[in-house]
Amino acid sequence: MDEDLLFRALADPVRRQLLDRLRAAQGLTLAVLIDGLPMTRQGASKHLAMLEAANLVAVVRRGREKLHYLNPVPIQQIAARWIGAFEADRVAGLVEFKRRIEEDGQA
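Quick notes on the rules
- Residues numbered from 1 in each chain as written.
- Predicted model: local features only at pLDDT ≥ 70, side-chain atom pairs only at ≥ 80, totals over all residues.
- Heavy atoms only, no water.
- Helix = DSSP H or I, 4+ residues; strand = E, 2+ residues; numbered from the N terminus.
- Rg over C-alpha atoms; globule rule 2.2 N^0.38 Å.
- Contact = heavy atoms within 4.5 Å.
- Areas by Shrake-Rupley, 256 points an atom, 1.4 Å probe, with all protein chains shown as cover.
- Lys, Arg positive; Asp, Glu negative; His and termini not counted.
- Charge placed at Lys NZ, Arg CZ, Asp CG, Glu CD.
- Buried < 20%, exposed > 50% of the residue type's maximum accessible area, 1.4 Å probe, protein only.
- Core = buried A, V, L, I, M, F, W, Y, C linked by side-chain atoms within 4.5 Å.
- Expected span 1.5 Å × (residues − 1).
- Bend = angle between axes of the 7 residues up to and from the residue.
- Axes fitted to C-alpha atoms, helices over the stretch in contact; angles between N-to-C directions.
- Left-handed = near helix turned anticlockwise from the far one by under 90°.
- Nonpolar A, V, L, I, M, F, W, Y, C, P; charged D, E, K, R; others polar.

Here we come to the overall build of the protein. On a plain count of helices and strands, the protein comes out with five helices and two strands. Traced from its N-terminal end to its C-terminal end, the protein shows the element sequence α-α-α-α-β-β-α. Against the globule reference of 13 Å for 107 residues, the protein gives a C-alpha radius of gyration of 21 Å, more extended than a compact globule. Considering only C-alpha atoms, the protein reaches an extent of 75 × 25 × 25 Å along its principal axes. Across the protein, contacts joining residues at least 24 apart in sequence account for 52% of those joining residues at least 6 apart. As displayed, the protein offers around 7,400 Å² of accessible surface, 56% of which is attributable to carbon and sulfur atoms. Charge centroids of the protein, computed over 16 positive and 14 negative side chains, lie 11 Å from each other.

Written out as structure tokens, the structure is:
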């Protein structure tokens, strides 16, 4: 997993908006995906290419259509790698804090 590419892909608010739309409804064509957004098909295609390169979007061809699907696995890996690692230390600290309070209450 190229974390730099993944973070660059997630850094753009337009790309996050596209991901949100795919989270709400999978298998969207480009036209449906950008419906109501202030962007051209060409601009959206560039954003989708970045999301595909970061493995956040998978494309399935059905005839002449390209259907876009969210791939949540890289986001989960980021959460486990970055957020989970910091969370484990915080939770361990809270457990130790609770233990100390309980010990002091029994003295």
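Here we come to unusual backbone geometry. Positive phi, normally seen in glycine, also occurs at N55, with a value near 65°. As for its placement among the helices and strands, N55 is situated in the loop between helix 4 (41-53) and strand 1 (57-62). In this structure N55 comes out as partly exposed when scored by relative accessible area, which is 44%.

Of all hydrophobic cores here, the largest spans 19 residues; its most connected members are L18, L51 and L56. At the level of elements, helix 1 (3-11), helix 2 (13-24), helix 3 (30-33) and helix 4 are the ones that each hand at least two residues to this core. Sequence-distant contacts of L51, defined by excluding residues within four places in its chain, comprise A9, R15, L18, L19, L56 and V57.

The terminal C-alpha atoms of helix 5 (residues 73-106) lie 46 Å apart, and with 34 residues this matches the ideal 50 Å at 1.5 Å per residue to within 8%. At G84, helix 5 shows its maximal bend, which comes to roughly 40°.

Where helix 1 contacts helix 4, the axes come no closer than 9 Å and their chain directions differ by 145°. The handedness of the crossing between helix 1 and helix 4 is left-handed. On helix 4, the residues touching L5, R8 and A9 of helix 1 are M50, L51 and A53. Of the residues belonging to the contact of helix 1 with helix 4, the class tally is five nonpolar, no polar and one charged.

The next subject is the side chain of T29. As for its position among the elements, T29 is in the loop between helix 2 and helix 3. According to the relative accessible area criterion, T29 is buried, its value standing at 17%. The contact partners of T29, leaving out residues within four places of it in the chain, are E65, K66, L67 and H68.

Shape descriptors only; they carry no functional weight alone.
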